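Coordinate inspection notes
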Amino acid sequence: MLTIEFTDKTQALKPEHCQMVQELLAYASDYLDLADQTEMSVTIVDDEEIHQINKTYRGVDRPTDVISFAINDEVADEFEILELPEGMPYELGDLFISIDRVKAQAEEYGHSFERELGFLTVHGFLHLNGYDHMTEEDEKEMFTLQREILDNYGLKRSE
């Protein structure tokens, strides 16, 4: 079971949107067949805060839509990964989503706020699980999986 520490610093999300994010992540977790007792955090922020995070941790001086900090990426760089003792939760990492980007991109791409929020949630979640889009092959794999999860959950893109 996926445990999510969810924080909406903007207080802009409706309760049903908070619930959708958590249900979508649980669905995606099951879809990827993640280990029991997996944990992660999701924080909803505004453009100003995600800009600061992006600048501080990625050296990019602009806001972005979603930032993922995977625990395994950070740990793997410094320590040999050991098997977790039984009963210890598996920590995926932290996901930050800009509410301002969700609104703007939903309008720009001509689909619902819910679809864009879901897209950014799954996109960041896949990054936490080691997926990337740095090469054409990796991009195809990640984006195909992303579309499958969103479509099967019921957040198909409006054409």
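Residues numbered from 1 in each chain as written. Predicted model: local features only at pLDDT ≥ 70, side-chain atom pairs only at ≥ 80, totals over all residues. Heavy atoms only, no water.

- As recorded in an unreviewed UniProt entry, the protein goes by the name Endoribonuclease YbeY, listed as coming from Aerococcus sanguinicola.
- Turning to the protein, the UniProt record has this under Subcellular location (unreviewed entry): "Cytoplasm".
- Regarding the protein, the UniProt comment filed under Function (unreviewed entry) reads as follows: "Single strand-specific metallo-endoribonuclease involved in late-stage 70S ribosome quality control and in maturation of the 3' terminus of the 16S rRNA." (UniProt positions renumbered as here; feature names shortened; annotations may be inferred.)

Overview of helix H2 (residues 47-58)
- Here H2 is twelve residues long and its end C-alpha atoms lie 15 Å apart, about the 16 Å a rise of 1.5 Å per residue gives.
- Taken together, the buried positions of H2 are occupied by Asp47, Ile50, Ile53 and Asn54. In an axial view of H2, the angular spread of the buried residues amounts to 125°, which keeps them on one side of the axis. Pointing more than 90 degrees away from the buried face of H2 are the exposed residues Glu48 and Thr56.
- Buried positions along H2 lie against strand S2 (38-45), strand S3 (66-70), strand S4 (90-98) and helix H4 (99-109).
- Backbone geometry just after H2 places Gly59 at a positive phi near 70°. (Helix = DSSP H or I, 4+ residues; strand = E, 2+ residues; numbered from the N terminus. Expected span 1.5 Å × (residues − 1). Buried < 20%, exposed > 50% of the residue type's maximum accessible area, 1.4 Å probe, protein only. Arc of directions from axis to C-beta. Contact = heavy atoms within 4.5 Å.)

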